[in-house]
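Descriptive structure summary
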Amino acid sequence: MSINTLDDVEFGENLPAFQPDTSLANVKRFAVAAGWNTPRFTDHEAARREGLPGALVPGIMSQGFLSAMIHRWAPSAEVRLVDTIFRAPCVVDETYHINGVVTDIDEEAGEVEIDLTVTNDAQETRVFGTAKVLIQGTD
Amino acid sequence: MSDETGPIDVEALRDKFLNVVFDEYELTLDAEKLADYATACGETAAKFTDPQDPDFQAPPTIGSSFQPKVRYPEGFPTFRGLGMDAGKAVAPDKPMRPGVPITVRTHMHDIYTKTGRSGRMVFFVNRMEFSNSGEILGTADTSVVIREKPQT
């Protein structure tokens, strides 16, 4: 269900998860746009030479995935904070799941707090954090 | 930059370096790159993906992608410990739009410690603040943690 007003938000509800595009082509598109176009994000072999498991999805791209999930759930939501900890790397061309759960609703301020995670197919958390978003009340 | 070998004197560092702007520059965002950034992240709303949309703006996490030209204040010591990226927090306040000059100022916002079984960890938080003509558009914090090597 798409969220239009604060009344639509339920404490404890899961935001619809999505699988982001972590293909090399998409990560390169992001890296170029962000000004982070370095081989560790865009070239598996170069990344492995640095001792990494492969080219990495930039942490800031994971933040972008999390923000996109919030907008898909609540198109009018105004993101006011995305606070993330990068616990383990996300590797390009691997499958990840972008997840969120509502953990607080401040009806007076119109603010919703969301716990965020990026997990892999083994259900390991690679990124976690918190978002605060403003959602308008009922007119 | 000096090389510290003993325990980190957090209070002395806080007194000397907190809240002093050590990097400042101006940038202007490009509409096509912003649209690419948002689309690659999976945004679907036109205000993030279509430069022709009347409300077109940068995705809210864009501030995390900005980087200071200088990473630490002049005179800030280097430490013999294991340094790691401890996270990023971005707090947009107003939309950032293409073609609008944005001033990026960086200061050291916090230095604090946590002590665990493996010893003491020292966290350094750099805050970038974004503004246009004095109007604050948001902030982005980058945290680095140093795990101190045990003293022998």
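1. Re the overall build of chain A
Assigned secondary structure in chain A consists of 4 helices and 4 strands. When the helices and strands of chain A are placed in sequence order, the string is α-α-α-α-β-β-β-β. Projected onto the principal axes, the alpha-carbon positions of chain A cover approximately 55 × 30 × 20 Å. Within the span of chain A, comprising 139 residues, buried residues form 40% of the whole.

2. Overview of the overall build of chain B
Each helix and strand in chain B was counted, giving 3 helices and 7 strands. Secondary structure of chain B in N-to-C order comes out as β-α-β-α-α-β-β-β-β-β. For chain B, the C-alpha atoms occupy an extent of roughly 65 × 30 × 20 Å along the three principal directions. Evaluated residue by residue, chain B yields a buried proportion of 28% over its 152 residues.

3. What to know about the interface of chain B and chain A
Taken residue by residue, the interface counts 22 residues in chain B and 29 residues in chain A. Sorting elements by how many residues they give to the side of chain B that touches chain A places strand β4 (residues 81–92) of chain B first, with 8 residues. Of the residues assigned to the side of chain B that touches chain A, the class counts are 11 nonpolar, 6 polar and 5 charged.

4. Some details on unusual backbone geometry
When glycine is set aside, most residues are seen to have a negative phi, and most peptide bonds are trans. Residue and element names in this part refer to chain B. Although it is not a glycine, N19 sits at a positive phi angle of roughly 65°. Counting through the fold element by element, N19 comes out in the loop between α1 (10–17) and β2 (21–28). N19 gets classed as exposed once you count the C-beta atoms within 10 Å, which come to 10.

5. With respect to the nonpolar core
By size, the foremost hydrophobic cluster in this structure holds 56 residues, and its most contacted members are F30(A), I70(A) and Y37(B). When residues no more than four places from it in sequence are discounted, the contact partners of Y37(B) are F30(A), A33(A), A34(A), P59(B) and I62(B).

6. Re the confidence of the model for chain B
Residue and element names in this part refer to chain B. Mean pLDDT over chain B: 91, with 93% of residues reaching 70 or higher. Mean pLDDT values over the elements of chain B span from 60, in strand β1 (residues 3–4), up to 98, in helix α2 (residues 31–41). Scored by ipTM, the complex comes to 0.96, with pTM at 0.92.

7. Let's talk about the packing of helix α1 (residues 24–34) of chain A against α2(B)
Axis separation between α1(A) and α2(B) bottoms out at 8 Å; the angle between their running directions is 145°. Seen from above, α1(A) lies across α2(B) with left-handed handedness. Between α1(A), through N26(A), R29(A), F30(A), A33(A) and A34(A), and α2(B), the contact on the second element is made entirely by K33(B), D36(B), Y37(B), A40(B) and C41(B). Its residues placed into classes, the contact of α1(A) with α2(B) shows 6 nonpolar, 1 polar and 3 charged.

8. Observations concerning the pairing of strand β7 (residues 135–148) of chain B
Residue and element names in this part refer to chain B. Sheet analysis places strand β6 (residues 119–132) next to β7, joined by 12 bridges and oriented antiparallel. Across the sheet, the residue bridging to V125 is S143, located in β7. The antiparallel pairing of β6 with β7 creates a hairpin that spans 2 residues between the two strands, and S133 there sits at a positive phi of about 50°.

9. As for the pairing of strand β3 (residues 111–120) of chain A
Residues and elements named next belong to chain A. As paired strands, strand β2 (residues 96–106) and β3 are joined by 10 bridges and run antiparallel to one another. Pairing of H97 across the sheet is with T119, part of β3. Hairpin remark: β2 followed by β3, antiparallel, with 4 residues in the connecting loop; positive phi at G110, about 70°. When β3 meets strand β4 (residues 125–134), the two strands line up antiparallel, connected through 9 bridges. Among the inter-strand pairings, T119 is bridged to a residue of β4, identified as T125. Two successive antiparallel strands, β3 and β4, enclose a turn made up of 4 residues, where Q123 displays a positive phi of approximately 65°.

10. Here we look at the environment of P58(A)
Residues and elements named next belong to chain A. By the secondary structure assignment, P58 is in the loop between α3 (44–49) and α4 (59–73). Residue classification places P58 among the buried positions, given that 23 C-beta atoms sit within 10 Å. Sequence separation between P58 and S23 is 35 residues; the distance between their C-alpha atoms is 12 Å. Not counting residues up to four positions away in its chain, the partners in contact with P58 are A31, W36 and F41.

11. Regarding the environment of S65(B)
Residue and element names in this part refer to chain B. Within the fold, S65 resides in the loop between α3 (46–49) and β3 (78–79). Exposure remark for S65: the 23 C-beta atoms within 10 Å place this residue in the buried category. Residues S65 and V90, 25 residues apart in the sequence, show an inter-C-alpha distance of 9.7 Å.

What counts, and at which threshold
- Residues numbered from 1 in each chain as written.
- Chains lettered and ligands numbered in written order.
- Predicted model: local features only at pLDDT ≥ 70, side-chain atom pairs only at ≥ 80, totals over all residues.
- Helix = DSSP H or I, 4+ residues; strand = E, 2+ residues; numbered from the N terminus.
- Buried ≥ 20, exposed ≤ 12 C-beta atoms within 10 Å, placed from the backbone.
- Contact = placed C-beta atoms within 7 Å.
- Nonpolar A, V, L, I, M, F, W, Y, C, P; charged D, E, K, R; others polar.
- Core = buried A, V, L, I, M, F, W, Y, C linked by C-beta atoms within 7 Å.
- pLDDT = per-residue confidence, 0-100.
- Axes fitted to C-alpha atoms, helices over the stretch in contact; angles between N-to-C directions.
- Left-handed = near helix turned anticlockwise from the far one by under 90°.
- Pairing = 2+ DSSP bridges.

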